[in-house]
Amino acid sequence: LTGFQHKEVTMEEIVEKLRMFRVTKDAIVLLYNWAFDQHDVERFYLTEIICESVSRNVIMLRDLLDALKETIELAQDLVCDLPLVYSYIGQLLALPLVRRVVHFKDVLEIYKPQLESNGARILKNVLKVIEQKHDKEILSKLYNESNFDFQQFLEHDSLPLNEFMKENVRFLLDLLQI
């Protein structure tokens, strides 16, 4: 990761090295747990490597989704010691969504057990990271392409989607005129 960050190693070289191993769900969970103790830039590079590895079939999509699910399940226990854990999860999910490695329906599926207590929190953090780190235009394009009812993330929350958008991603609400 450090070599990639400092441009000493290319993405191609990293993916080829990973090809020699079976990168399992457990390995990805360990990487995500490690990433919680790192800076934003390390989390970004890690997700970039994971996205590229999934797109080249070095990491299986099912392993990535299972790792994300387990990481999200662990978040409830970590939030006391790591208050920004949901922000970090938003960072781990944003790039795979932007690169279309995973889709919002996948995120909803892996997050279902947590929806009652944290559905709005995870949606807010994912949308904020995409807006801030990638681009408002990308976020609105993802939102429009998703053909997905985002209210499903809020089904246990009394907040309607348009109110959630007003509070969290107002520009998207204005753009879409929800």
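Here, every reference points to the structure presented above.
Here's what I pulled together on the structure shown here. (Residues numbered from 1 in each chain as written. Predicted model: local features only at pLDDT ≥ 70, side-chain atom pairs only at ≥ 80, totals over all residues. Heavy atoms only, no water.)

## As for the overall build of the protein chain
(1) Moving on: Counting its secondary structure elements, the protein chain contains 11 helices and zero strands.
(2) Moving on: The linear arrangement of helices and strands in the protein chain, starting from the amino end, is α-α-α-α-α-α-α-α-α-α-α.
(3) Moving on: Taken across its 178 residues, the protein chain has 48% of its residues classed as buried.
(4) Moving on: If you take every contact in the protein chain between residues at least 6 apart in sequence, the share linking residues at least 24 apart comes to 73%.
(5) Moving on: Total accessible area on the protein chain stands at roughly 9400 Å², and carbon and sulfur atoms take up 49% of it. (Helix = DSSP H or I, 4+ residues; strand = E, 2+ residues; numbered from the N terminus. Buried < 20%, exposed > 50% of the residue type's maximum accessible area, 1.4 Å probe, protein only. Contact = heavy atoms within 4.5 Å. Areas by Shrake-Rupley, 256 points an atom, 1.4 Å probe, with all protein chains shown as cover.)

## A look at unusual backbone geometry
(1) Moving on: Although it is not a glycine, N57 adopts a positive phi angle of roughly 60 degrees.
(2) Moving on: Relative to the helices and strands, N57 is located in the loop between α4 (40-55) and α5 (61-78).
(3) Moving on: Taking the relative accessible area as the measure of exposure, N57 reaches 57% and is therefore exposed.
(4) Moving on: Backbone geometry at R100 places phi at a positive 60 degrees, although glycine is not the residue there.
(5) Moving on: Tracing the backbone through its elements, the reader meets R100 in the loop between α6 (85-98) and α7 (104-111).
(6) Moving on: Residue classification places R100 among the partly exposed positions, given a relative accessible area of 32%.

## Considerations on helix α9 (residues 136-145)
(1) Moving on: Residues of α9 that are buried include every one of L139, S140, L142 and Y143, and no others. The arc that holds the buried residues of α9, viewed along the axis, is 160 degrees, so those residues lie on one side. Exposed and facing more than 90 degrees away from the buried side of α9 are E137 and N144. (Arc of directions from axis to C-beta.)

## Observations regarding the environment of V41
(1) Moving on: On the secondary structure map, V41 appears in helix α4.
(2) Moving on: Between the alpha carbons of V41 and Q91 there is a distance of 10.0 Å; along the sequence they are 50 residues apart.

## Notes on α6
(1) Moving on: With 14 residues, α6 should reach 20 Å at 1.5 Å per residue; the first-to-last C-alpha distance of 20 Å fits that figure.
(2) Moving on: Burial within α6 is extensive, with 13 of its 14 residues counted as buried.
(3) Moving on: The positive-phi residue at the C-terminal boundary of α6 is R100, with phi of around 60 degrees. (Expected span 1.5 Å × (residues − 1).)

## Description of the nonpolar core
(1) Moving on: Core analysis: the biggest nonpolar cluster contains 46 residues, and Y32, L64, I89, L93, L97, F104 and I130 have the highest contact counts within it.
(2) Moving on: Elements represented by at least two residues in this core include exactly α3 (25-35), α4, α5, α6, α7, α8 (115-134) and α9.
(3) Moving on: Counting residues per element, this core draws most heavily on α6, which supplies 10 residues.
(4) Moving on: Setting aside residues up to four positions removed in sequence, L97 forms contacts with V102, H103, F104, V107, V126, I130 and L142.
(5) Moving on: Counting seven residues, the second largest nonpolar core, distinct from the first, contains M11, I14, V15 and Y45. (Core = buried A, V, L, I, M, F, W, Y, C linked by side-chain atoms within 4.5 Å.)

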